[in-house]
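Coordinate analysis (summary)
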Amino acid sequence: MKFPNSYRGRFAPSPTGPLHFGSMVAAVGSFLQAKSRGGEWLVRMEDLDPPREVPGAADEILRTLEAFGLHWDGAVMYQSRRHGVYEAALNMLERLEAIYPCACSRREIADSSVNGVDGPVYPGTCRAGRPEGHAPRAWRVRVNGRGIEFVDAVQGRVVRDLAADFGDFVVRRADGYFAYQLAVVVDDAEQGISEVVRGADLIESTPRQMHLQSLLGLPTPDYLHLPVALNARNEKLSKQNFAAPLDPARPLPALLQVMRFLGQDPPPALAESNLEDFWHWAVTHWDVRRVPRVPGVVVKTPSGGSV
Ligand code: GLU
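This section reports on the structure supplied with the text. Because the structure is predicted, anything quoted here is derived from the model rather than measured.

So, the packing of helix 3 (residues 83-95) against helix 7 (residues 206-216)
- Close contact between helix 3 and helix 7 brings their axes to 10 Å; oriented N to C, the two are set at 75°. On the basis of their axis angle, the class for helix 3 and helix 7 is roughly perpendicular. Within the contact between the two elements, helix 3 uses Ala89, Met92 and Leu93 and helix 7 uses Leu212, Leu215 and Leu216.
- Looking at the contact of helix 3 with helix 7 residue by residue, the class counts come to six nonpolar, no polar and no charged.

Some thoughts on the site of the ligand
- Taken together, Arg10, Ala12, Pro13, Ser14, Glu46, Tyr180, Val184, Arg198 and Leu202 form the complete shell of residues around the ligand.
- One of the side-chain N or O atoms of Ser14 is found 2.8 Å from a nitrogen atom in the ligand.
- Within the side chain of Arg198, one N or O atom sits 2.9 Å away from an oxygen atom of the ligand.
- Of the residues contributing to the shell around the ligand, the split by class is five nonpolar, one polar and three charged.

Notes on the pattern of salt bridges
- This model, assessed by the stated rule, comprises 20 salt bridges.
- Linking Asp188 and Arg10 is a salt bridge whose minimum nitrogen-to-oxygen distance equals 3.0 Å. Residue Asp188 is found in helix 6 (residues 180-190), and its partner Arg10 is found in strand 1 (residues 8-11); the two are separated by 178 residues along the sequence. As far as the burial class goes, Asp188 and Arg10 line up, both buried.
- Note that Arg289 and Asp287 form a salt bridge whose closest N and O atoms lie 3.0 Å from each other.
- Through salt bridges that share partners, Arg10, Arg44, Glu46, Arg82, Asp187, Asp188 and Glu190 make up one connected network.

Overview of the sheet that holds strand 10 (residues 169-172)
- The three strands lie next to each other as 4-7-10, forming an open sheet whose pairing is antiparallel. A single partner strand is all that each edge strand has here, and the edge strands are strand 4 (99-102) and strand 10. Ignoring strand direction, the axes of neighbouring strands in this sheet form an average angle of 45°.
- Examined bridge by bridge, strand 7 (residues 138-141) and strand 10 share three bridges and lie antiparallel to one another. The residue bridging Val141 from the neighbouring strand is Phe169, located in strand 10.

Quick notes on the side chain of Asn231
- Inspection of the secondary structure puts Asn231 in the loop between strand 13 (228-230) and helix 8 (251-261).
- The class for Asn231 is buried, based on a relative accessible area of 4%.
- Among the polar contacts listed, one links the side chain of Asn231 to the backbone nitrogen of Arg233, at a separation of 2.9 Å.

Quick look at the environment of Ala164
- With respect to the helices and strands, Ala164 occurs in helix 5 (residues 162-165).
- According to the relative accessible area criterion, Ala164 is partly exposed, its value standing at 45%.
- Put simply, Ala164 and Asp247 are 83 residues apart on the chain and 43 Å apart in space, counted from C-alpha to C-alpha.

Comments concerning the sheet that holds strand 1
- If you walk across this open sheet you meet the three strands as 1-2-3, and the pairing is parallel. The open sheet terminates on both sides in strands that have one partner only, identified here as strand 1 and strand 3 (77-78).
- Each of strand 1 and strand 2 (40-45) touches helix 1 (residues 21-35); the most contacted strand, strand 2, lies at about 145° to it.
- In the packing of helix 6 onto the sheet, the strands contacted are strand 1, strand 2 and strand 3, and the crossing angle to strand 2 comes to about 145°.

With respect to the packing of aromatic side chains
- Following the criterion strictly, the structure yields seven aromatic pairs and no others.
- For the ring pair Phe11 and Trp41, a centre distance of 6.2 Å and an interplane angle of 10° mean the geometry is stacked. Within this pair, whereas Phe11 is found in strand 1, its partner Trp41 is found in strand 2, the two being separated by 30 residues in sequence.
- Judged by its relative accessible area of 0%, Trp41 is buried.
- Aromatic rings pair up to connect Phe11, Phe31, Trp41, Phe278 and Trp279 into one cluster.
- In this structure, Arg81 packs its charged tip against the face of Tyr78, placed 4.1 Å from the ring centre.
- Its guanidinium or amino end placed over the ring of Tyr122, Arg140 lies 3.8 Å from that ring's centre, counting from NZ or CZ.

About the cut-offs
Residues numbered from 1 in each chain as written. Predicted model: local features only at pLDDT ≥ 70, side-chain atom pairs only at ≥ 80, totals over all residues. Heavy atoms only, no water. Axes fitted to C-alpha atoms, helices over the stretch in contact; angles between N-to-C directions. Helix = DSSP H or I, 4+ residues; strand = E, 2+ residues; numbered from the N terminus. Parallel < 35°, antiparallel > 145°, perpendicular 65-115°, else oblique. Contact = heavy atoms within 4.5 Å. Nonpolar A, V, L, I, M, F, W, Y, C, P; charged D, E, K, R; others polar. Near = heavy atom within 4 Å. Polar contact = N/O pair within 3.5 Å; in protein donor to acceptor, adjacent residues only side chain to side chain. Salt bridge = Lys/Arg side-chain N within 4 Å of Asp/Glu carboxyl O. Buried < 20%, exposed > 50% of the residue type's maximum accessible area, 1.4 Å probe, protein only. Pairing = 2+ DSSP bridges. Phe/Tyr/Trp six-rings, centres within 6.5 Å; stacked < 30°, edge-to-face > 60°. Lys NZ or Arg CZ within 6 Å of the ring centre and 35° of its normal.

Set out below in structure tokens:
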């Protein structure tokens, strides 16, 4: 099913710390895809994982977006306020007999599974029922050997075999929290997102999300996975490897660097301009065909080194 109406994109940060260069790539790329098409750009705070969240990070992220001139449409959606909706989706999956409780520990899974494209493939131990005396922990969705195929606007064609590549995956975690895969599918549909633009580190989530969309009768948006920003050791920039937070007082240099990272060619004079001129140029000149068609790109600093 496709959306007949106009373009709607989104940026969906997790409030685990301040925005850094890598997260700004996803923010700017999704914003420009939307605004260059006269579409809307929504922000969704993915605050679904309290153990990983940093107090104050959500507000700080929003303030940085504003300071960078990334003004969103409508109200920010907070996943932490939507537990009832995720619960309803889980109930529907349960009625469809598409999910089952799993009693396996992380350790048991690691010991008995093969590696898939994004972590261990669950061996299906609890599929036919939990072993006697084992309490349920997580809930998993059955995948039944379904082939999934999509054409990513930047990374190209992706073909995956859900059973071989991922196995039955978690929709409600052992600690009781809803899994990202479930919430994102429900929310992309609720927000009427026509194209998901995000980092290529999430491309392997897409086949699982498409499976859930089809079970829940939700539309499948288009997908565009941007290259992720890598440091000199080829690691994704993240809070874990101390990517520097962006300075809200100096948005222009970072924005120009993001544009170059995304294969665009901003005129050097823009560095001396202001946010309004920058965005006017960026929205009118955005050319998605110039985005490097690779999963990751090493970030070069203006002095030629890498971050
Ligand atoms: N919340 C996720 C992150 O910050 C992004 C999820 C998505 O764009 O689907 O990595």
